[in-house]
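What the coordinates show
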Amino acid sequence: FYNPHSIYLPYSRSHSGRAFVASASLFSDSRRTSHSRSSPFQRSPLENSCSSSSSSTTQRTMATSSTTTPAVMSPPVAQREEDRVVYAGVAPKGWDVKLPRQSATSDEALLDPPVAIPDPYGWMRDESRKQQAVLDHLNAENDYTTSLTQHLESLRGTLYEEMVASIQETDYQTPRPQGNYYYYTRTVKGESYTIYCRAPKTDDISFPVQTWDGTQESPILPGEQVILNVNELAQGQKYCSMGSVKRSPSQKLLAYSADYTGGETCLFYVKDLDTNKVLHHDPKLEISGSLAWGADDSTLFYLKLDAAHRPYQVYKRNLATSTAENGADDQLLLEELDDLYWMGIYKSLDGRYLFVEASSKETSEIHFLDLHDPNATLQCIAPRRPKVLYEVSHREGQWWISSNVGNLPNMALFVTPAVADSASQWTLVQQGDTPLFPGSYQRSLDHVTCFAKHVVASGREGGIPRVWVLSMGDDTAATSVQDFQRLTFAEDAYDVGLGGHYEYETTQLVVGYDSMVTPQQSIEIDMTDLTQRVVLKEKAVPGYDSSLYATERTTVTARDGTTEIPVTLVYRKDVMEQHVASGEPVPTHLYGAYVWDDLPNEPRKRHFALETHILDHMASTIMFPGYGSYGACMEADFRATRLALLNRGIVYVIAHIRGGGEMGRQWYEEPNGAKYLCKKNTFNDFVDVARWLVDDRKLTAPEVFSCEGRSAGGLLIGGTLCGVEPDCR
């Protein structure tokens, strides 16, 4: 629960920046954010599920353990050291050159002489997490919050029980084919971690799955084999979070990495899936968590971390010959020394190439390795250029590249021969004479997946996630597009994204679809006929009746008079009907949080963590979520954990403010987005939507209105309440 007497700003890890700071805590918006690596948090079944409380109208009455707030202790006050400063600018004589000051490639002049910047709370900067003074203050804050919210203890328990009751804890994710098997994961009631499974393909298997009886003992598919039970890995550990789980090309071996410390540092293992025995493990080799197999079962690629936990070295391990500890005899393929750049590795879907990406938030560079050529070395597709981002897929001897090269507002789609140093050969992908993704303001491109006869693009149009299918015809080597169609759905606002695909030679596409009132579905679509669709699985939400709820999508004009801010609302129909009839203000809440997450079998979608904000007047509060940073989108997706609030008469509103990426990269980038000197647009948009809800829509009133944000959303709330327009409080 948040402390109403404190403003929490987002935590930022120290990293290389543009200026010298005497404390060596350096900050820059140019560095790739934490989504570049695996999340250190193991998600609970509650967070991962789409679940709900009962839809009974009677549950809209809020019960609390006390009608009055008891006396609470005074809020703790952090000590200020008024004479404490940091210096920004040219490093003084004797400065340790090992501590980064500025990107080696930066041409920006440093301040000379350096300027003193007040840092009264600098004593709280403790990367060791062990300084007792800092721990004492944090404990005092927690004690104060406990005291302030103790009268809500019964209500918290009630809400938790409702949410858990609506979760089908024993469940599974959609099985996806690869070779002779279907692969999927399971969760079991009472167990905290995922179980990875597979089952052999047979002619009698059909979807949706008909053979599972809903119990944890029953297999999802006949012949089910557990290939990795994370609950067993977690036994005896204080912490456990998976990095990667990768099947070998023969599907006889499984490589996986796990973090047992919470420090975002992983150990990796290789096990035999027939004997279930671990064949390879180096307890002294710490990696980032990312793994990729080579062309066969003998080669594995991984990333090492520097002292700042930045992935910066790519190694190749020969499993047949490697015996030295700490990877001493492994081959270093590439090293990234610029602290602004983080490295990542991935394979093309056809298994032909390994890609090694080095990227910041504004610039990227990708190398490739031909896995079919034992003598191949890493080669660069296009050297890094300032503020040029690009991503690469491979199809039939061609690179399919999405890039903003040429200072485009959004990513354009290019094709070029699959060779090194190909930048001069990039050509826009067209249907006839029409470029399909020219990088314009109207249509943004996020990701491209290449299949043998189709290319699937995902992006945004009109503020909504979209998926397009490009049909290439029977001539697999052709680069011209024969047909170009966008997937359509019945609802006006929704979230859609690609599912897990492990086979290149296929015409079956799987997407994940949901909306504010529709629980998640996995839908299989025939790419040769987009009207042919099969729902493989629907997320079960016990007690949920979608007919009781409604959602709206609208826009609010920002204070500049031209920018239209998308807004999504969800509510119970009877609550809105009562409001329309009476004109009385409705409880409303605006809430925002963001988590980067890649699920192994389900669609790669944006997942939001839940933290219920409870106030005494929750039965009369409008929920208003906001984020507005890093180009991350707040989607109109389904969260069953909202239902406990909706069923109490609360309206949930999402403001898709600038700083996110809902309207394309221009929604984030300068000069009209909310990056760098435009950041104030994030706060202004948030306030403008709030005022619209109160003054124009007349849906709510200040005394029954709340808002919340986490991570960068914490900056939004703090800036809105204390910086931009304090009178909004």
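As a reminder, the structure under discussion sits directly above these lines.
Residues numbered from 1 in each chain as written. Predicted model: local features only at pLDDT ≥ 70, side-chain atom pairs only at ≥ 80, totals over all residues. Heavy atoms only, no water.

With that out of the way, let us pick up helix H5 (residues 573-582). Buried residues of H5: Val575, Met576 and His579, and no others. The buried side chains of H5 occupy one side of the element, clustering within an arc of 95° when seen end-on. Along H5, the residues that are exposed and aim more than 90 degrees away from the buried face are Glu577, Gln578, Val580 and Ala581. Close packing links the buried residues of H5 with strand E36 (564-572) and strand E39 (651-655). Positive phi shows up at Gly583, right after H5, with a value of about 75°. (Buried < 20%, exposed > 50% of the residue type's maximum accessible area, 1.4 Å probe, protein only. Helix = DSSP H or I, 4+ residues; strand = E, 2+ residues; numbered from the N terminus. Arc of directions from axis to C-beta. Contact = heavy atoms within 4.5 Å.)

Within a pair of aromatic rings, the relevant descriptors are the distance that separates the centres and the angle that separates the planes. As enumerated under the stated definition, the model contains 21 aromatic pairs in all. Ring geometry for Tyr544 versus Tyr549: centroids 5.4 Å apart, planes at 25°, classification stacked. Look at Tyr544 and you get buried, because its relative accessible area is 16%. Judged by its relative accessible area of 3%, Tyr549 falls in the buried class. Counting every residue linked through ring pairs, the aromatic cluster contains Tyr346, Tyr353, Phe355, Phe368 and Trp399. The lysine or arginine in question, Lys304, covers the ring of Tyr315, its NZ or CZ lying 4.6 Å from the ring centre. Lying across the ring of Phe437, Arg443 places its NZ or CZ 5.6 Å from the centre. (Phe/Tyr/Trp six-rings, centres within 6.5 Å; stacked < 30°, edge-to-face > 60°. Lys NZ or Arg CZ within 6 Å of the ring centre and 35° of its normal.)

Turning our eyes to something else, we now look at a nonpolar patch on the surface. Together, Leu111, Val115 and Ile117 make up an exposed nonpolar region whose accessible area comes to about 240 Å². Look at Ile117 and you get partly exposed, because its relative accessible area is 38%. (Patch = residues over 30% accessible without salt bridge, like charges linked within 9 Å, V, L, I, M, F, W, Y side chains within 5 Å. Areas by Shrake-Rupley, 256 points an atom, 1.4 Å probe, with all protein chains shown as cover. Salt bridge = Lys/Arg side-chain N within 4 Å of Asp/Glu carboxyl O.)

Take the environment of Arg691 next. Inspection of the secondary structure assignment puts Arg691 in helix H7 (residues 680-696). Arg691 sits in the partly exposed class, given a relative accessible area of 33%. For the pair Arg691 and Ala701, spaced 10 residues apart in sequence, the C-alpha to C-alpha distance is 9.6 Å.

Our next topic: the side chain of Glu708. Within the secondary structure layout, Glu708 lies in strand E40 (residues 705-709). Classification of Glu708 as buried rests on a relative accessible area of 6%.

What follows covers the sheet that holds strand E21 (residues 390-395). The 4 strands are arranged E21-E22-E23-E24 in an open sheet whose pairing can be described as antiparallel. Looking at strand neighbours, the two that pair on one side only are E21 and strand E24 (427-428), the edges of this open sheet. Bridge count for strand E23 (residues 412-417) against E24 is 2 bridges, and the pairing is antiparallel. From the neighbouring strand, Phe414 faces E24, where its bridge partner is Leu428. (Pairing = 2+ DSSP bridges.)

Okay, the environment of Pro175 next. Mapped onto the elements, Pro175 comes out in the loop between strand E4 (171-172) and strand E5 (176-178). Relative accessible area serves as the criterion here: at 3%, Pro175 is assigned to the buried category.

Looking now at the pattern of salt bridges. Where side chains of opposite charge bring their charged atoms close, a pairing between them can arise. With the rule as written, the count across this model stands at 30 salt bridges. In this structure, the salt-bridge partner of Glu224 is Arg186, at a minimum N-O distance of 3.0 Å. Taken together, the residues span a long stretch of sequence, with Glu224 in the loop between strand E7 (195-200) and strand E8 (225-229) and Arg186 in strand E6 (residues 181-187) at a distance of 38 residues. Judged by relative accessible area, Arg186 falls into the buried class, the value being 4%. The closest approach of N and O atoms between Asp685 and Arg658, which form a salt bridge, is 2.9 Å. Of the two residues, Asp685 sits in helix H7 while Arg658 sits in the loop between E39 and H7, which places them 27 residues apart along the sequence.

To continue, consider the side chain of Thr265. Within the fold, Thr265 resides in the loop between strand E10 (253-259) and strand E11 (267-272). The buried category is assigned to Thr265, whose relative accessible area is 14%. Separated by 3.3 Å, the side chains of Thr265 and His309 make a polar contact. Aside from chain neighbours lying at most four places away, what touches Thr265 is Ala258, Asp259, Glu286, Ile287, Leu305 and His309. (Polar contact = N/O pair within 3.5 Å; in protein donor to acceptor, adjacent residues only side chain to side chain.)

Quick look at H7 now. For H7, with 17 residues, the first-to-last C-alpha span of 23 Å sits near the 24 Å given by 1.5 Å per residue. Counting buried positions along H7 gives 12 out of 17 residues, so the element sits mostly inside the fold. A positive phi of about 55° marks Lys698, the residue just after H7. (Expected span 1.5 Å × (residues − 1).)

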